[in-house]
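Notes for the structure review
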Amino acid sequence: MEFKDQLMKTMLDIVAVPGISGTESENLAADKVYEILESIPYFKNNPNNLKKISIKDDPLGRTFVSALFCSKTKTDKTLIFMGHHDVVGVESYGHLKDIAFNPIELNKRIKELDLPNDAIDDLESGEWLFGRGVSDMKFGLALAIELIREISEKDDFVGNILFISVPGEETNSEGMLGAIEHLVELQNSGYKYISLMLLEPSSLGGTEEDKNIYLGAGGKVNVLLLFAGMPSHVAEPFNGLNANLLASEFNRLFELNLDMCEEYGGEFTYPPTCLTQVDLRKLYDVTTSLYTAAYYNIQTLNIKVEDLIGKIKKIALQAFENTLKVYHEKCDAFSKKHRMKIRPINVKPLVLTYNEVYNVVKERFGDEFDRHLNQKIKEWKAVGCDKQTIAIYIAKETFDWYPNKVPAIVIGFAPPFYPCRYPELEREDYKILLSATDEMIDYAKKKFNVNISKENFFAVSDFSYIELGDKNGLDEISTNLVGFDKTYIFPAEELKKLSIPGIVFGAWGKDIHKNTERINVPYSFEIVPELCRHFIYNQFEKAK
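Quick summary incoming for the structure in this document. (Residues numbered from 1 in each chain as written. Predicted model: local features only at pLDDT ≥ 70, side-chain atom pairs only at ≥ 80, totals over all residues. Heavy atoms only, no water.)

1. Quick notes on the pairing of strand S6 (residues 192-198)
Inclusion rule: Relative accessibility under 20% of the residue-type maximum defines a buried residue, over 50% an exposed one, and the middle range a partly exposed one, all with a 1.4 Å probe and only protein chains included. Helix and strand definitions here come from DSSP, where helices need a minimum of 4 consecutive H or I residues and strands a minimum of 2 consecutive E residues; each element is numbered from the N-terminal end. Only when DSSP finds a minimum of two bridges between them are two strands counted as paired.
Buried residues dominate S6, accounting for six of its seven residues. Pairing between strand S3 (residues 77-84) and S6: six bridges, direction parallel. The residue bridging Thr78 from the neighbouring strand is Tyr193, located in S6.

2. Observations concerning the layout of surface pockets
Definition in use: In this analysis a 1.4 Å probe is tested at points of a 1 Å grid over the protein atoms alone, and where it fits but cannot get out there is a cavity; an open set with protein on both sides within 12 Å along at least five of seven lines is a pocket; lining residues have an atom within 4 Å of a point. Grid points are joined across faces, edges and corners, and a volume is the space filled by probe spheres set on the points. Residues were grouped as follows: Ala, Val, Leu, Ile, Met, Phe, Trp, Tyr, Cys and Pro as nonpolar; Asp, Glu, Lys and Arg as charged; and all remaining residues, including Gly, as polar.
Taken as a whole, the largest pocket encloses approximately 1,000 Å³ of empty space. Lining the largest pocket are 34 residues, and of these Gln299, Phe458, Ala459, Val460 and Ser461 sit closest to its centre. Of all elements in the fold, only strand S7 (203-204), strand S8 (211-217), strand S9 (219-228), strand S11 (267-268), strand S13 (291-300), strand S15 (408-418) and strand S16 (452-458) reach the threshold of two or more residues within the lining of the largest pocket. Ranked by the residues each element gives to the lining of the largest pocket, the list is headed by S16, at three residues. Taken together, the residues of the lining of the largest pocket break down into 13 nonpolar, 13 polar and eight charged.

3. Re the packing of aromatic side chains
To keep things clear, this is the line we draw: Any two of the Phe, Tyr and Trp rings considered here, Trp counted by its six-membered ring, make a pair once their centres fall within 6.5 Å; the pair's planes then place it as stacked at under 30 degrees, edge-to-face at over 60, or tilted in between.
This structure, assessed with the given rule, holds 29 aromatic pairs. Centroid distance Phe238 to Phe334: 5.4 Å. Interplanar angle 45°. Geometry classified as tilted. Here Phe238, found in the loop between S9 and helix H8 (243-254), pairs with Phe334, found in helix H9 (residues 305-338); they are 96 residues apart in sequence, far enough to count as distant. In this structure Phe238 comes out as buried when scored by relative accessible area, which is 15%. By relative accessible area, which is 31% here, Phe334 ends up partly exposed. Between the aromatic rings of Tyr264 and Phe457, the centroid separation amounts to 5.6 Å while the plane-to-plane angle is 65°, which identifies the pairing as edge-to-face.

4. Looking at the packing of helix H10 (residues 354-365) against helix H11 (residues 367-382)
The test is simple: What counts as an axis is a line fitted to C-alpha atoms, over the stretch in contact for a helix, and the angles between N-to-C directions run from 0 to 180 degrees. Note on contacts: a residue pair qualifies if any of its non-hydrogen atoms lie within 4.5 Å across the two residues.
Two elements in contact, H10 and H11, have axes whose closest approach is 6 Å; the angle formed by their N-to-C orientations is 115°. Together, Tyr358, Val361, Lys362 and Phe365 of H10 and Asp367, Glu368, Phe369 and Asp370 of H11 make up the contact between the two elements. Partitioning the contact of H10 with H11 into residue classes produces four nonpolar, no polar and four charged.

5. Section: the pattern of salt bridges
Rule in force here: A carboxyl oxygen of Asp or Glu within 4 Å of a side-chain nitrogen of Lys or Arg is what we treat as a salt bridge.
Using the criterion set out here, one finds 37 salt bridges in the structure. The residue Glu467 makes a salt bridge to Arg421 at a minimum N-O spacing of 3.0 Å. Taken together, the residues span a long stretch of sequence, with Glu467 in the loop between S16 and helix H14 (473-480) and Arg421 in the loop between S15 and helix H13 (428-448) at a distance of 46 residues. The partner of Lys454 in a salt bridge is Asp438, with the nearest N and O atoms 2.7 Å apart. Of the two residues, Lys454 sits in strand S16 while Asp438 sits in helix H13, which places them 16 residues apart along the sequence. Here Lys454 falls in the partly exposed class, since its relative accessible area comes to 38%.

6. Section: empty space enclosed by the protein
Once rolled over the atoms, a probe with the size of a water molecule shows which space is left empty. According to the stated counting rule, one finds two cavities of 30 Å³ or more in the structure shown. Counted as a void, the second largest cavity has a volume near 40 Å³. Lining the second largest cavity we find Met260, Glu262, Ile298, Gln299, Thr300, Ile303, Leu308 and Lys311. Broken down by secondary-structure element, the contributors of at least two residues to the lining of the second largest cavity are S13 and H9. The element contributing the most residues to the lining of the second largest cavity is S13, with three residues. Looking at side-chain class alone, the lining of the second largest cavity contains four nonpolar, two polar and two charged residues.

7. Concerning the nonpolar core
Formally: Note on terminology: a nonpolar core comprises buried Ala, Val, Leu, Ile, Met, Phe, Trp, Tyr and Cys residues joined through side-chain atoms within 4.5 Å.
Leu37, Phe81, Phe163, Phe250 and Phe505 are the most contacted members of the largest nonpolar core, which has 150 residues in total. The residues contacting Phe81, other than those within four sequence positions of it, are Ala144, Leu147, Ile148, Ile161, Leu162, Phe163, Ile164, Met197, Leu199 and Ile536. Counting 28 residues, the second-largest nonpolar core is a separate cluster that includes Phe369, Ile390, Tyr402 and Val410.

Here it is as structure tokens:
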């Protein structure tokens, strides 16, 4: 069977097993990846090199797959293929959701959906295959498997290839975070990582001329804000400070704040946006809000954690000052209009980090508070709260125990955390990577007349966890990441031990996460594999 035909078969076999993120079906996807790898003669003869490894303390009992091919000629040089076997859900396919994982059948019937014109054009061209996961990213998994199958049959290949397929990438990256310890263990046992290929779709949308390779990864933080007010009866609103007023003013200043955008190497991030804003009262009553919480998605490129916290603190302080100004103006205006003497509350702006609040509570109550918090976390987990909701509850519970009961804004981070990683172009291993990348780009132009552009930052993904741009900032993130080591296992110390240059390169796809997700067959199945081969052989040759 020709390589492209075997590649198609393997992709369709993996796509057929849903593996929807955040569900136990992710284990079925891991099983399928393992099963296909197990059929390769090399792993039949070397079964200890193929493993399914459980993720510690994972509520869904998920596993990741590790497959290590070692050439007959012994060497420590190791290239990593990396990918994820989970996908997003299929509700958007409507009455066709039952065949969303059957691309051949879906292609015959997808016109039953109300398709945009560009999707219709692609369907009618006969060059695109529709289906959940074909682009993001089961083609990449199939390509890694088939390249390993091919290379393992060659006697003259010198080098090791490690393939890691993880769950949870579409949620909190639990799979990749769980795999870090395994990568470090292999490194400690003598394998030297020369580079990594993340086989995500690296060209999305655009035209045939719009192809990309990425050298780094954009970062992401969920900035968590707890707004603590001073409650009052609604009939006496000037006797307190409504936490919702604080939250609303912060949101006005922070939402889509262009000053929070970063630019690095000609690339930029989008401004922050609110993912959740919620009053934390449990039942209705006629008291103004004591606690409100919100968290915001922030993309990062090259900012240091301490600088990021500093910028957020400044905006939070401005929001607090603006809120008090509005409060006093309304209080004065109401007093004059109704000729009433109102004594305004005496509140000063107070902005704290979560770590500052926790340290005060810990100093006052010691292990008693930790035991209380651990019990509450068990209760929240038992009723199915997600990591982000638990982070909000932890922040509230901690401030409940905070002795100084005054209005405040508390700044922390909610899971997940993706460090930005940028290419360190002056490092020797990066120079080798860049040389192999540039030669692959030249090869693509000469042989296929395909133009490929180099970009610094790929979208938020597991690519963040192979090398850290700001190692020193990990401690500050960790101490303010609400739920750290309780609900969100973030292997900060292990991550500091990895420093792997890499690229993101893969299929040409469109509309990932939509019901029109699709992959371009001629480019992805014929050109991409040959370019990957060129890169792999060249990379090992240069790394000697």
